[in-house]
Amino acid sequence: RKLNVALLGLGSYAKGQIAPSLQFTRHCQLAGIITGSPEKIPEWQAKHDIPDENVYSYDNMDELADNPNIDVVYVITPTATHKEFAVRAAKAGKHVWCEKPMAMTVEDSQAIIDACNENNVRLSIGYRMLHEPNTQDFIALSKEKAFGAFTAATSLAGYAGSDPPTDYWRGQRAMGGGALYDMGVYTVNGLRYGLQMAPVAVVKAMQHRPTEVDVTTEYTLEFPGGLLAEGKTSVVTNYNQLRIEGENGWHEMQPMQPYGGVKGLTSAGTVLGPPIDGKQQTLQMDDDALAIMNNTPVLAPGEMGRDDIAVIRAIIESAETGKRVVL
Ligand code: NAD
């Protein structure tokens with residue numbers, strides 16, 4: 001059987017990526033919508049054949065508890081709203097898929113994890129790269145330390161958007177706008193899977209914040225053994241690279257996180273490719289659906305999302321205080 005997914009939030013990512021990707025999934029399907037914009041409902045119902053009984057607003061979404069025809073709620077709203085919506089979905093007894101970045105704070109992230117545990121539902125974070133085959137080959141090289149002990153790492157993710165951001169929530173700090181939350185989470189998560197360990201401290205960080213949100217953030221993370229990694233993220237400049245240096249060589253992905261697919265290269269000349277276009281979200285949702293049906297671990301658990309938010313908060317603290325922040 002296929003799991004029935006309801007999308008919560010019908011903005012650009014839901015419409016442009018997730019709904020189209022759900023047309024190709026084998027283990028789940030688009031079955032419902034939860035929206036605060038009633039004017040969007042007719043188009044979504046018609047296009048995706050969604051019955052009236054699977055259409056909800058933010059006001060009545062708690063009634064999902066009485067709807068056995070929805071299995072999963074996928075939260076795709078501005079970051080600051082993830083916690084409330086994810087907790088309500090869990091309390092309605094639905095499995096939760098939550099977009100990145102998981103939430104604004106570690107406490108909010110933990111509240112989502114707790115709500116899912118208490119209500120016996122599964123949780124995964126929308127880290128699409130973890131489901132991408134070239135990235136998985138890259139991670140395999142990291143796991144086997146193909147180029148010897150790690151000596152350094154660089155993680156860059158940025159796009160050239162409007163300067164400063166004008167989008168109604170991406171320009172607002174309290175909503176989760178800014179480069180570090182939006183794009184920096186890819187660099188932090190990339191270092192986590194590229195080095196196969198968690199950072200122990202933020203050594204230093206710098207944020208360029210011409211308005212209330214940062215448009216560029218640079219940071220240095222320390223990993224066990226004293227390994228240093230440089231991260232840089234932006235919403236006004238393009239860059240896209242994850243590079244892991246070892247004693248005997250290196251492996252890198254450039255670009256490391258576009259929808260159009262990842263391409264990797266190693267110092268031994270191995271190409272991780274060709275880029276696989278347009279499949280990440282399909283693979284992500286099928287992996288997550290199978291994990292629910294088979295009761296197996298997910299690739300991007302809530303704890304990973306929460307721990308990345310802890311790093312993000314520590315980067316902000318280091319930038320504001322000028323001090324090293326221990327994680
Ligand atoms: P968007 O602004 O295009 O859409 C957000 C939607 O949420 C809108 O439909 C809006 O009406 C709705 N919404 C619900 N509650 C709201 C509130 N209180 N205030 C404002 N809007 C509210 O944003 P988006 O680009 O679709 O991003 C949504 C989420 O998806 C974010 O968390 C973002 O980080 C994430 N995202 C992930 C990826 C990825 O590659 N994994 C890509 C893009 C966005």
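Residue positions are given per chain, counted from 1 along the sequence in the order it is written. In keeping with the predicted nature of the model, local features appear solely for residues at pLDDT of at least 70, side-chain atom pairs appear and are counted solely at 80 or more, and the whole-chain, interface and lining totals rest on all residues.

### Some thoughts on the overall build of the chain
As a reminder, the rule being used: Numbering goes from the N terminus for both helices and strands, where a helix is a DSSP run of H or I of at least four residues and a strand is a run of E of at least two. We compute the radius of gyration from the C-alpha atoms alone; for a globule the expected value is 2.2 Å times N to the 0.38, where N is the number of residues. Each residue is classified by how many other C-beta atoms fall within 10 Å of its C-beta atom, where C-beta atoms are placed from the backbone; a count of 20 or more means buried, 12 or fewer means exposed, and values in between mean partly exposed.
Along the backbone of the chain there are 8 helices and 15 strands. Against the compact-globule benchmark of 20 Å for 327 residues, the chain has a radius of gyration of 20 Å, which places it among compact chains. Considering only C-alpha atoms, the chain reaches an extent of 60 × 40 × 35 Å along its principal axes. Looking at the chain as a whole, 49% of its 327 residues are labelled buried.

### Here's the deal with unusual backbone geometry
With an omega dihedral of -20°, the bond running from Lys100 to Pro101 counts as a cis peptide bond. Take Pro101: it is sitting in the loop between β5 (95-98) and α4 (106-118). Across the junction of Gly273 and Pro274, the peptide omega takes the value 0°, indicating a cis bond. Considering the arrangement of structural elements, one finds Pro274 in the loop between β14 (271-272) and α7 (280-294).

### Comments concerning the pairing of strand β10 (residues 228-234)
To keep things clear, this is the line we draw: Pairing between strands is defined by DSSP: at least two bridges between them are needed.
Counting buried residues in β10 gives 5 out of 7 residues, a clear majority hidden from the surface. Here 6 bridges tie strand β7 (residues 150-160) to β10, and the two strands are oriented parallel to one another. What sits directly across from Ala157, in β10, is Thr233. Linking strand β9 (residues 216-222) back to β10 in an antiparallel pair, the connection comprises 5 residues, with Gly225 at a positive phi of about 85°.

### Quick look at the confidence of the model for the chain
We apply this condition: Per residue, pLDDT measures the predictor's confidence, with a range of 0 to 100.
Here the chain averages 97 in pLDDT, while 100% of its residues score no lower than 70. With a pTM of 0.98, the predicted complex shows an ipTM of 0.99.

### Some thoughts on the site of the ligand
Put simply, the test is: What makes a residue near a molecule or strand is its C-beta atom, placed from the backbone, lying within 6 Å of it.
Near the ligand lie 19 residues; those nearest to it are Gly9, Gly11, Ser12, Tyr13 and Glu99. Of the residues forming the shell around the ligand, the biggest block, 3 residues, is contributed by helix α1 (residues 12-22).

### Concerning the sheet that holds β7
Put simply, the test is: Any two residues are considered in contact once their C-beta atoms, placed from the backbone, lie within 7 Å. Lines are fitted to the C-alpha atoms to define the axes, a helix being fitted only along its stretch in contact, and any angle between axes, read from their N-to-C directions, falls within 0 to 180 degrees.
The strand order β14-β13-β12-β11-β7-β10-β9-β8-β15 describes an open sheet built from 9 strands, whose pairing is mixed. With one partner strand each, in any of the chains shown, β14 and β15 (325-326) form the two edges of the open sheet. Here strand β13 (residues 264-266) runs beside β14; their pairing, made up of 2 bridges, is antiparallel. Bridging from a neighbouring strand, Gly264 pairs with Leu272 of β14. Across the face of the sheet, helix α6 (residues 179-195) comes into contact with β7, β9, β10 and β11 (236-246) while running at roughly 155° to β7.

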